[in-house]
Amino acid sequence: VSMRMLAPTLGYDFGLVEQARGRLDVYSGTPAEVLLLGGASSAAYLRTAMDAVSDALPTARRITFPKLGHGAKGNARFGGRPDVVARPLREFFSA
């Protein structure tokens, strides 16, 4: 799916982010296992958000991929490393 195809849905994504602003405490009692994946080269605001979510979910497992950014899961032709991102996902969902 191209970004051009996804673009009309981005407003909904941003709306959900806005609704969640300042409400991380709501998630602190989440009983589900949670895997948080992030890239060390992601934008600062994404790393800050990951820190906040990780703090709100103290039982979450967190993985930060060195040298990768927000697009790590994307197409390898554009610098993505879906092979690297897929490994911990496979492990998490097969456990």
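On a predicted model such as this, the values are computed, not experimentally measured, just so you know. (Residues numbered from 1 in each chain as written. Predicted model: local features only at pLDDT ≥ 70, side-chain atom pairs only at ≥ 80, totals over all residues. Heavy atoms only, no water.)

Asks: Explain helix α2 (residues 10–20) here, please?
Replies: Given 3.6 residues to a turn, an α-helix orients residues that are three or four positions apart in the same direction. The element α2 is barely covered by neighbouring structure, given that only zero of its eleven residues are classed as buried. One or two residues past the end of α2 sits Gly 22, with phi positive at roughly 75°. (Buried < 20%, exposed > 50% of the residue type's maximum accessible area, 1.4 Å probe, protein only. Helix = DSSP H or I, 4+ residues; strand = E, 2+ residues; numbered from the N terminus.)

Asks: Just checking my understanding: could you explain the pairing of strand β1 (residues 35–39) for this structure?
Replies: Here is the key point about a regular strand: its side chains alternate between the two faces of the sheet. Counting buried positions along β1 gives four out of five residues, so the element sits mostly inside the fold. Across five bridges, β1 lies against strand β2 (residues 61–65) in parallel orientation. For Gly 38, the partnering residue across the bridge sits in β2 and is Thr 64. Following the chain from β1 across helix α3 (residues 44–56) to the adjacent parallel β2, one finds a crossover that is right-handed. (Pairing = 2+ DSSP bridges. Right-handed = clockwise from strand over helix to strand, strands pointing away.)

Asks: Help me understand the packing of aromatic side chains, please; the structure alone is not making it clear to me.
Replies: Geometrically, a pair of aromatic rings is defined through the distance of the ring centres and the angle of the planes. The full count for this structure, using the stated rule, is one aromatic pair. Their ring planes at 85° and their centres at 5.1 Å tell us that Phe 92 and Phe 93 sit as a pair that is edge-to-face. A residue is classified by how much of its surface remains accessible, and Phe 93, at 63% relative accessible area, is exposed. (Phe/Tyr/Trp six-rings, centres within 6.5 Å; stacked < 30°, edge-to-face > 60°.)

Asks: Could you clarify how one ought to interpret the pattern of salt bridges in this entry?
Replies: Any two side chains of opposite charge can pair, on the condition that their charged atoms come close. The full count for this structure, using the stated rule, is five salt bridges. Between Arg 81 and Asp 83 there is a salt bridge whose closest N-O contact spans 2.9 Å. Of the charged contacts in the structure, one is a salt bridge between Asp 83 and Arg 87, with a shortest N-O distance of 4.0 Å. Highlighted residues: Asp 83 and Arg 87, both in helix α4 (residues 82–94), separated by four residues, approximately one helical turn. Asp 83 gets classed as partly exposed once you look at its relative accessible area, which sits at 36%. (Salt bridge = Lys/Arg side-chain N within 4 Å of Asp/Glu carboxyl O.)

Asks: Explanation requested: the nonpolar core in the structure shown.
Replies: Grouped burial of nonpolar side chains is what soluble globular proteins tend to show. In terms of nonpolar packing, the biggest core is built from eight residues, these being Leu 35, Ile 63, Phe 65, Leu 68, Ala 72, Val 84, Val 85 and Phe 92. Those elements giving two or more residues to this core turn out to be β2 and α4. Ranked by residues supplied to this core, first place goes to α4 with three residues. Among residues more than four places away in sequence, those in contact with Val 84 are Phe 65 and Leu 68. (Core = buried A, V, L, I, M, F, W, Y, C linked by side-chain atoms within 4.5 Å. Contact = heavy atoms within 4.5 Å.)

Asks: How should I be thinking about unusual backbone geometry in this particular structure?
Replies: Across residues other than glycine, the phi torsion is negative in most instances, and most of the peptide bonds are trans. Positive phi outside glycine occurs at Lys 67, with the angle close to 70°. For Lys 67, the location among the structural elements is in the loop between β2 and α4. Take Lys 67: its relative accessible area is 79%, and that puts it in the exposed class.

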